Amino acid sequence: MTGEHAVRRGFVRDWLLTVDHKKIGIMYGIACLIFFFLGGAAALLIRTVLWKPGTPEILPGPDSFNQLFTMHGTIMIFLFMIPMLTAAFGNYLIPIMIGARDMAFPRMNLLAFWIFILGGLVILSSFFLGIPDTGWTAYPPYSIQTPGVGLDLWVAAVHILGLSSILGSINIIVTVFNLRASGMTFNRLPLLVWAMLVTAFIQLFGTPALAGAVTTLLLDRHAGTIFYTASMGGDPMLYQHLFWFYSHPAVYVMILPAMGLVSEIIPVFARKPIFGYRAIAYSSVTIGFLGFLVWAHHMFTAGMSLSAGIPFMITSMIIAVPSAIKIFNWLATLWRGSNVFTTPMLYSTFGFMGLFTIGGLSGLYLAAVPVDIHVHDTYFVIGHFHYVLFGGSMMAVLAGIFYWFPKVTGRMYSEKLGLWSFWTSFIGTNLTFFPMFYVGVMGMPRRVFQYDINLQFANDVATIGSYILGIGAILMVTNIIISLRSKVKAPDNPWGAKTLEWSVSSPPPEHNFRETPVVTSTPYDFGVASPRQFNEENVGTR
Amino acid sequence: MDIGWFLPEAIANMAEKVDSLFILISWVSLAIFILVEMLLFIFLIRYRRRRSDDQGLSIHGNTKIEIIWTVIPAIILVIIGVLGSQLTYDIQRPPKDVYTIEVAGKKWAWDFKYPEGFKTTNELRVPEGKNILFKITSNDVIHSFWIPALRMKQDAVPGRQTQFWTGALKKGTYSIPCAEYCGTMHSMMLGKLTVVSQDDFNQFVKSGGKGGTTTSSSASPAEKGKALAQSSGCLNCHAVDSSKLFGPGWGGVYGKSKKLADGSTVMYDDQYIVESIMKPSAKIPEGYTAPMPPQNLTEDEARLIAEYMKTLK
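Residues numbered from 1 in each chain as written. Chains lettered and ligands numbered in written order. Predicted model: local features only at pLDDT ≥ 70, side-chain atom pairs only at ≥ 80, totals over all residues. Heavy atoms only, no water.

## Describing the overall build of chain A
What chain A contains, in helices and strands, is 17 helices and 0 strands. Scaling as 2.2 N^0.38, a compact globule of 542 residues should have a C-alpha radius of gyration of about 24 Å, and chain A matches this with 23 Å. By the burial criterion, 66% of the 542 residues in chain A qualify as buried. Taking the intrachain contacts of chain A between residues at least 6 apart in sequence as the baseline, contacts between residues at least 24 apart amount to 83%. On chain A, roughly 18,600 Å² of surface is accessible, and the fraction owed to carbon and sulfur atoms is 69%. Computed over 29 positive and 23 negative side-chain charges, the inter-centroid distance for chain A is 11 Å. (Helix = DSSP H or I, 4+ residues; strand = E, 2+ residues; numbered from the N terminus. Rg over C-alpha atoms; globule rule 2.2 N^0.38 Å. Buried < 20%, exposed > 50% of the residue type's maximum accessible area, 1.4 Å probe, protein only. Contact = heavy atoms within 4.5 Å. Areas by Shrake-Rupley, 256 points an atom, 1.4 Å probe, with all protein chains shown as cover. Lys, Arg positive; Asp, Glu negative; His and termini not counted. Charge placed at Lys NZ, Arg CZ, Asp CG, Glu CD.)

## With respect to the overall build of chain B
Along its length, chain B carries 6 helices and 12 strands. Against the compact-globule benchmark of 20 Å for 313 residues, chain B has a radius of gyration of 28 Å, which places it well outside the compact range. In terms of overall dimensions, chain B has a C-alpha envelope of 90 × 55 × 35 Å along the principal axes. Expressed as a percentage of its 313 residues, the buried residues of chain B come to 50%. Contacts in chain B between residues at least 24 apart in sequence constitute 61% of all its contacts with a sequence separation of at least 6. For chain B, the accessible surface area stands at approximately 14,700 Å², while carbon and sulfur atoms represent 57% of it. The positive charge centre, built from 35 side chains, and the negative charge centre, built from 31, are 3 Å apart in chain B.

## Describing the sheet that holds strand β2 (residues 109-113) of chain B
Residues and elements named next belong to chain B. With respect to topology, 5 strands assemble into an open sheet ordered β3-β2-β1-β5-β8, the strand pairing being mixed. Here the strands that pair on one side only, and so sit at the sheet edges, are β3 (119-121) and β8 (162-166). On average, each strand axis in the sheet is tilted by 25 degrees relative to the strand beside it, whichever way the strands run. The pairing of strand β1 (residues 99-106) with strand β5 (residues 132-138) spans 7 bridges and is parallel. (Pairing = 2+ DSSP bridges. Axes fitted to C-alpha atoms, helices over the stretch in contact; angles between N-to-C directions.)

## Focus: the environment of Gly309(A)
Residues and elements named next belong to chain A. With respect to the helices and strands, Gly309 occurs in the loop between α9 (277-290) and α10 (310-318). When the C-alpha atoms of Gly309 and Ala367 are compared, they prove to be 9.4 Å apart, with 58 residues separating the residues in sequence. With residues near it in sequence (within four places) discarded, Gly309 still touches Phe300, Met304 and Val369.

## A look at the interface of chain B and chain A
Listed per partner, the contact involves 82 residues of chain B and 103 residues of chain A. At the boundary of chain B with chain A, total buried surface from both sides reaches about 7,900 Å², with 68% on carbon and sulfur atoms. Applying the counting criterion to the chain B and chain A interface returns 1 salt bridge. Between Asp235(A) and Arg160(B) there is a salt bridge, with its nearest N and O atoms 2.7 Å apart. (Buried area = accessible area lost by both parts, 1.4 Å probe. Salt bridge = Lys/Arg side-chain N within 4 Å of Asp/Glu carboxyl O.)

## What about helix α15 (residues 415-442) of chain A?
Working note: α-helix, 3.6 residues per turn, so residues spaced by three or four point in the same direction. A rise of 1.5 Å per residue sets the reference length of α15(A), with its 28 residues, at 40 Å; its end C-alpha atoms lie 41 Å apart and thus fit the reference within 8%. Gly443(A), located one to two residues past α15(A), shows a positive phi value of around 125 degrees. (Expected span 1.5 Å × (residues − 1).)

## Regarding a nonpolar patch on the surface
Among the surface-exposed residues, Leu24(B), Ile67(B), Val71(B), Ile75(B), Ile79(B) and Leu83(B) lie close enough to one another that they form a single nonpolar patch of about 490 Å² accessible area. No other element matches helix α2 (residues 63-92) of chain B, which puts 5 residues into the nonpolar patch. (Patch = residues over 30% accessible without salt bridge, like charges linked within 9 Å, V, L, I, M, F, W, Y side chains within 5 Å.)

## Some thoughts on the domain arrangement of chain B
All names here are of chain B. We note that the domain assignment places domain 1 (4-47 + 61-92), domain 2 (99-206) and domain 3 (221-310) within chain B. The C-alpha centroid of domain 2 is placed 32 Å from the C-alpha centroid of domain 1. Buried area between domain 1 and domain 2, both sides added, is near 1,000 Å², and the carbon and sulfur share of it is 59%. Counting the surface domain 1 buries against domain 2, the share from its top three residues, Glu9, Ile11 and Ile91, is 53%. For Arg151, the salt bridge goes to Asp19, with nearest N and O atoms at 2.6 Å. Inspection of the domain 1/domain 2 interface yields 7 residue pairs in polar contact (both at pLDDT 80 or more). Only α1 (13-46) and α2 provide two or more residues apiece to the side of domain 1 that touches domain 2. Examining the composition of the side of domain 1 that touches domain 2, we find that 4 residues originate from one element, α1, more than from any other. The class makeup of the residues in the side of domain 1 that touches domain 2 is 9 nonpolar, 1 polar and 3 charged. (Domains from an automatic or database assignment. Polar contact = N/O pair within 3.5 Å; in protein donor to acceptor, adjacent residues only side chain to side chain. Nonpolar A, V, L, I, M, F, W, Y, C, P; charged D, E, K, R; others polar.)

## Side note on unusual backbone geometry
Following Pro140(A), the chain continues into Pro141(A) via a peptide bond in cis, with omega recorded as 5 degrees. Following Lys107(B), the chain continues into Trp108(B) via a peptide bond in cis, with omega recorded as -10 degrees. Relative to the elements of secondary structure, Trp108(B) occurs in the loop between β1 and β2. Phi at Arg336(A) takes a positive value of approximately 55 degrees, unusual for a residue other than glycine.

## Concerning the confidence of the model for chain B
Taken residue by residue, chain B gives an average pLDDT of 88. The fraction at 70 or more is 96%. In the model of chain B, helix α4 (residues 221-231) of chain B stands out as the element of lowest mean pLDDT, 81, in contrast to strand β6 (residues 143-147) of chain B, which has the highest, 97. (pLDDT = per-residue confidence, 0-100.)

## Concerning the environment of Phe434(A)
All names here are of chain A. Within the fold, Phe434 resides in helix α15. Residue class for Phe434 comes out partly exposed when judged on its relative accessible area of 42%. Phe434 sits 231 residues away from Gln203 along the chain, and the two C-alpha atoms are 30 Å apart. Setting aside chain neighbours within four positions, we find Phe434 in contact with Tyr387 and Thr429.

## A closer look at the packing of aromatic side chains
In the structure shown here, the tally under the stated rule is 69 aromatic pairs over all chains. Considering the side-chain rings of Phe177(A) and Phe201(A), the 6.4 Å spacing of their centres and the 80 degrees angle between planes classify their relative orientation as edge-to-face. You can see Phe177(A) sitting in helix α6 (residues 150-178) and its partner Phe201(A) sitting in helix α7 (residues 191-222), a full 24 residues away along the chain. Residue classification places Phe201(A) among the partly exposed residues on the basis of a relative accessible area of 30%. In this structure, Lys23(A) packs its charged tip against the face of Trp15(A), placed 5.3 Å from the ring centre. Seen from the ring of Trp146(B), Lys153(B) lies directly overhead, with NZ or CZ sitting 4.4 Å from the centre. (Phe/Tyr/Trp six-rings, centres within 6.5 Å; stacked < 30°, edge-to-face > 60°. Lys NZ or Arg CZ within 6 Å of the ring centre and 35° of its normal.)

## Considering the sheet that holds strand β10 (residues 190-196) of chain B
All names here are of chain B. Pairing is mixed across the open sheet formed by 3 strands, whose spatial order is β4-β10-β9. This sheet does not close on itself; its edge strands, each paired only once, are β4 (123-127) and β9 (172-177). In this sheet, neighbouring strand axes are inclined to one another by 25 degrees on average, regardless of whether the strands run parallel or antiparallel. Relative to β10, β4 runs parallel, the two sharing 5 bridges. Counterpart to Leu124 in the pairing with β10 is Leu193. Strands in contact with helix α3 (residues 198-206) are β4 and β10; relative to β4, the strand with the most contacts, it is inclined by about 130 degrees.

Spelled out as structure tokens, the structure:
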């Protein structure tokens, strides 16, 4: 009997119209990587302009510079990092990790994907119709006054992408609550699934606030309303409150799944159970809640009275605790492990843990109101969130890409090229983003092409670092392409991992499992009570 | 170890207090950073896999140690929070005897209005010994009034007044960048803070904000116009040659005919220049849709700028 997956169908029906969560996940992944290179190209252009201070010479004019950083932020956040983590990894991994045959609503899943593509196309269309120049935050009144259709396209895209996010979140929540295999209790749920579940709730609750903010913006632009016009009784700060009520939790949308990814990878390569499973799972939940209570730390200098910032300073300090807990738990997982330095392990440990720590610690400066008054809206902030999003989230994404590459494609990646891409991106990240702390403190605002000539050396270091990052990204894609064409088949479980996706073939069959699996333990059952004794016994029997 | 090189010069007492909190957070961060990276490195190397079938220790957690590493960071953060709150209140409360300067952001320059009634643009001059209160607002979009040497910053928001104050300052010249993105020439929105002695400041006030900043009275009208164009921020947007920066370039336009956005032409003469400065929306040149933002100049000053434009080729 031929299996149903063996039936040949055309590319359109087999891929573009598929309702298979794995194929949808792969399509999300490919689309996101394309957007990543586009957003990355914008970043490299920005860094090239910043090689020396003054009006950009390589661009048509100052507006082009402003459009570049707007597109860089918009693409990287809305079209790369959020969908890469929640939709690409989320779609591929959640059902198979909980022992389900697919997402709860496969057709809605496909719909969300095509809505996402539509949103991406709307943003791309602005390259031909008029690029927004407001920054990705689009604060009024500037965003109301800026001419052209660029910002209108941006608002449309934010709505479309928001709808896609909401559909995706509902799907994830329903899937995790209802489709777990028997024995897959919440306390046996892989930590990535915990993180994805919390993330889905954050998106579900946060996205409407953003939709409200940009809708009123659009009405102010075209329908003559006065939500944000101070002279007629409106208030521009209302927008900032609504915007950050979504956009700060969105930061956790971009970091919680990344924490989930490394929580899967580290125990496997340490051959040791994850240390403090419950602490990691519950700290994700804590972060999810607290993430909604810190938004005004983006607004300490925006015109609130300074003391009104104090409660938000306190919540921002408190939210550092669950992140610290996770770092210590991962460290304890490595302690007395049997650590092997594969590409995903390097990205997770030296990459994610090492660099996210810098990102988190630099957040302390921004949480403290008096210090934030100085460094807010400077390059210090840029350095901080790139250490979180590139040093943190991106390293985890790269770890994940290499870790699940054999499972998804049925091929092994090149370990040698993988190590090269790790070290280039690790060095590149530090060279690019560390100097930003310095130039920010010294007086360089964000979103400028003009700066003090004394800061040129530090800016040049950052520019060189960004080129090295570019090389790292190219190496990563080269690795993927070469490995896809290689004939070396990947085994079903090359890492000896214990989550359910590794119990089936590589790549997995169409509906994941021939028989619904029965789960009897946590997926981190590694290690032995006394490693030395175990090894001696093994040697003895050989 | 001194980490002062990581900070710009601090010229006020309060800036030094902010710096000491900055330095405290830096020490805490550095300690945690070294601890985490050291453990990361040691654990990875010390417990690396030596034989392919090596296993780790089967240990799932330890409640006691997990409580310890929850409580210790929490205590450290509470201490930073308490110190930060105290300083926040100090920064917020201005003293009673203050000299108040009204700051208004506009695209893309800073206007300063002194209590004596005169105004300057981009040139902020203050006496060294006084407490000064800046009352900040905006004429158009959101800007952010940042004096890095004071470690102080507040957004300039239309329809809202924000403020910060400073005590005695150190003499010298310092930069005032705009920290909130405000459109095309945001990068070029740079003011200058000059702290002078009380005597020099009295002179400055007596001259109605001109003393020492513009050229002497013997200068030609064109030279005065040039100084005015520089100090008023005109040259942030208008090139002195014919190139288009944000507004039209000024070089070689005088005395020629100029096409307007509505299709008509106009003679580029004194009258047109003065009208365009005083009433920017009256005649918009071809290729532009929005008028120049309103400027803080008198008609006499506009004439001086026209004199200057005559000299540009």
